[in-house]
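Structure at a glance
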Amino acid sequence: MRKITDDEFREYLEYKKFMNEVPGTVKMKKPRKHLSLDELDGVRAARADQEFSMFMNEMRRREEEEK
């Protein structure tokens, strides 16, 4: 595991402050209103997969029309 730089840590703290969260605490009873960065990355990856799939389907459809 690589070490976190000071700049990365400051950026993390700024993000937590922006999201009105306290670093290192777990909210037990309050529902979360925002996705975590990992969840956002998962959503972005799923969208990219879906867009790529749609692109490939369109390319196959055009290829079939040309035949």
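1. Comments concerning the overall build of the protein
A count of helical and extended segments in the protein gives two helices and zero strands. On the protein, roughly 7100 Å² of surface is accessible, and the fraction owed to carbon and sulfur atoms is 56%.

2. Quick notes on the pattern of salt bridges
Tallying each qualifying case throughout the model produces five salt bridges. Of the charged contacts in the structure, one is a salt bridge between Arg-62 and Glu-58, with a shortest N-O distance of 3.0 Å. You can see Arg-62 and its partner Glu-58 sitting in helix 2 (residues 37-66), four residues apart, about one turn around the helix. According to the relative accessible area criterion, Glu-58 is partly exposed, its value standing at 27%.

3. Examining helix 1 (residues 6-18)
End to end, helix 1 covers 18 Å across 13 residues, agreeing with the expected 18 Å (1.5 Å per residue, within 8%). Phi turns positive, to about 55°, at Asn-20, one or two residues after helix 1.

Conventions adopted
- One numbering rule holds for all chains: residues counted from 1, following each sequence as written.
- For this predicted model, a pLDDT threshold of at least 70 governs which residues receive local features, and a threshold of 80 or more governs which side-chain atom pairs are given and counted, while totals over whole chains, interfaces and linings are taken from all residues.
- Excluded from the side-chain calculation are hydrogens and water; included are all heavy atoms of the structure.
- For the purposes of this entry, the term helix denotes a DSSP run of H or I that reaches at least four residues, the term strand denotes a run of E that reaches at least two, and both are numbered from the N terminus.
- Only the protein chains shown count as cover for residues, and all accessible areas are computed by the Shrake-Rupley method using a 1.4 Å probe.
- One side-chain nitrogen of Lys or Arg within 4 Å of one carboxyl oxygen of Asp or Glu is enough to make a salt bridge.
- Burial here depends on accessible area, computed with a 1.4 Å probe over protein chains only, as a share of the maximum for the residue type. Under 20% is buried, over 50% is exposed, and the range in between is partly exposed.
- Given the number of residues in a helix, its expected span is that number minus one, multiplied by 1.5 Å.

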